[in-house]
Every structure is written in structure tokens, then in C-alpha cells.
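# Analysis of the macromolecular model
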Amino acid sequence: MANITLVDDDENIVASVSMALESHGHKVSAYHDGASGLEALLNDPPDLAILDVKMPRMDGMEVLRRLRQTSGLPVIVLTSKDEEIDEILGFNLGADDYIHKPFSQRLLIERVKAILRRAGLESEDPGETGGKALRRGKLTLDPARHECMWDGRPVKLTVTEFLLLQALAQRPGFVKSRDNLMDAAYDDQVYVDDRTIDSHVKRMRKKFRQVDPEFDAIETLYGVGYRYRET
């Protein structure tokens, strides 16, 4: 069971989505505008947030932008828009998944399950706890706790960023193509392109450089992909 915060101003969607999630054992807290939703997410962080884009007082993209300043909790963005630029913006801001309205409850449940599984909050094996910590030079990744440390200092990563970095750090010096990284970080039902991977890597580098301005462990091989250089 996960604690899920749903922020959407459409009462019908709130009612139907809450019912679907609760029927699968999740606890749902619902808010009807972006400002109150953001306050709740910051004061009492859930396991997963589901955000609508068009909302009063503060839209979902602004909620996501402010949330990502301090939190890496998993986020699904909902939108009735059908423009590619909105999806790109959502991923650039750090969304973990993106669903267009109208959507089936079954699709939403599967996406929620996939993200919780990626975050280590749900697995097909009840005894699975996430695996051993990975150490590469100054980097320590602990999947069981979803913790990332660089030279002893914490770096807050989203679920997607954590999985991308884990895929790179597992084999230092070996190149991972963007397709390889997509497979490592995304469920089969989530479709992303090269620009999405590049955006996540850019955000990761920025976070590490806030901790260590000299950070250069993630190398870009133009036209090929990325690799982790152990420091």
C-alpha cells in the first residue's frame, strides 16, 4: 500500500481515480488546486504524487517545478492537452511519467504500479527489499533506501534519475546508449525519446554540481550515449 496525493480540480476525476486507487489498497489524499496541493506535498510528503496540469491558483507544471527544488518523490502528470511541448516540459521539470486525458483507470493503475516498483515501494516478490548499496569512487547508491551520496553528502534524485545513474554506475567506463538507459529507467508502457534522457542527465549533473562544482563523472559520448567515469 502506498500513500498517494492527487491534485486535480476536476471533481469527477478525483472521485473516480481515488476510488480506483483505494480499491487497490492505496491511501489517497486529494486537493483541488495547485497551491494547497503543493503545501501538502511539502509538509507531508507521500510515496507518489499525481498532478493535473490545468488548475486554479497554481498549475501543475509550477507545482512540479517548486516541488523539484527540494524533493525527488515520484510524480505522474495528468493533462488534457495533446501537444508534444507540454510532455517535454513535464519531463524537463522532472516528471516520472505523463498520462493524457481521457485515460482508463486500468492504465493509471498500471502506471502507478510501475513507478512504485521502480521506486522500490512495490515488487512482485514481497521479500525483495531493493538490493545492496553500490559504491563507485565518491558515489554511493543505496536502492533499498533510495539514497544517493556524493563524497559523503546527500544528492536528492528522482526515481528516474536514480535508475539512470544506477545503470551507468554499475559498469564504470562502459558506454550506455540512450536506448539502454530507457530500458533501465522506464517501464515498457512508458514511451520516451532521446531528448527525455538528455534532460534527465542534465538535471542530474546540475544536482551533483550543487554539491561538488567539479563533478564530471557522467560523460557524454556524442552520437553514442553516456558512461560513468569512476573518480
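Here is a short report on the structure shown in this document. (Residues numbered from 1 in each chain as written. Predicted model: local features only at pLDDT ≥ 70, side-chain atom pairs only at ≥ 80, totals over all residues. Heavy atoms only, no water.)

Once that is clear, we can look at helix α3 (residues 60-67). An α-helical turn contains 3.6 residues, so any two residues separated by three or four positions project in the same direction. Burial in α3 covers these residues: G60, M61, V63, L64 and L67. The buried residues of α3 all sit within an arc of 160° when viewed along its axis, so they share a single face. Structurally, the start of α3 carries an N-cap: the backbone nitrogen of M61 is 3.1 Å from a side-chain oxygen of D59. (Buried < 20%, exposed > 50% of the residue type's maximum accessible area, 1.4 Å probe, protein only. Helix = DSSP H or I, 4+ residues; strand = E, 2+ residues; numbered from the N terminus. Arc of directions from axis to C-beta. Polar contact = N/O pair within 3.5 Å; in protein donor to acceptor, adjacent residues only side chain to side chain.)

So, about the side chain of R111. Mapping R111 onto the fold places it in helix α5 (residues 105-118). A polar contact of 3.1 Å, which involves the side chain of R111, links it to the side chain of D97.

Cis geometry is adopted by the peptide bond preceding P102, which originates at K101 and carries an omega value of -5°. Among the structural elements, P102 can be located in the loop between β5 (97-100) and α5. A positive phi angle, close to 70°, is found at R57, a residue other than glycine. Summarising the element assignment, R57 is placed in the loop between β3 (48-52) and α3. Judged by relative accessible area, R57 falls into the exposed class, the value being 67%. In this structure, D151 takes a positive phi of about 55° despite not being glycine. Topologically, D151 is positioned in the loop between β8 (147-150) and β9 (153-154).

None of the figures reported here should be taken as evidence of function without further support.
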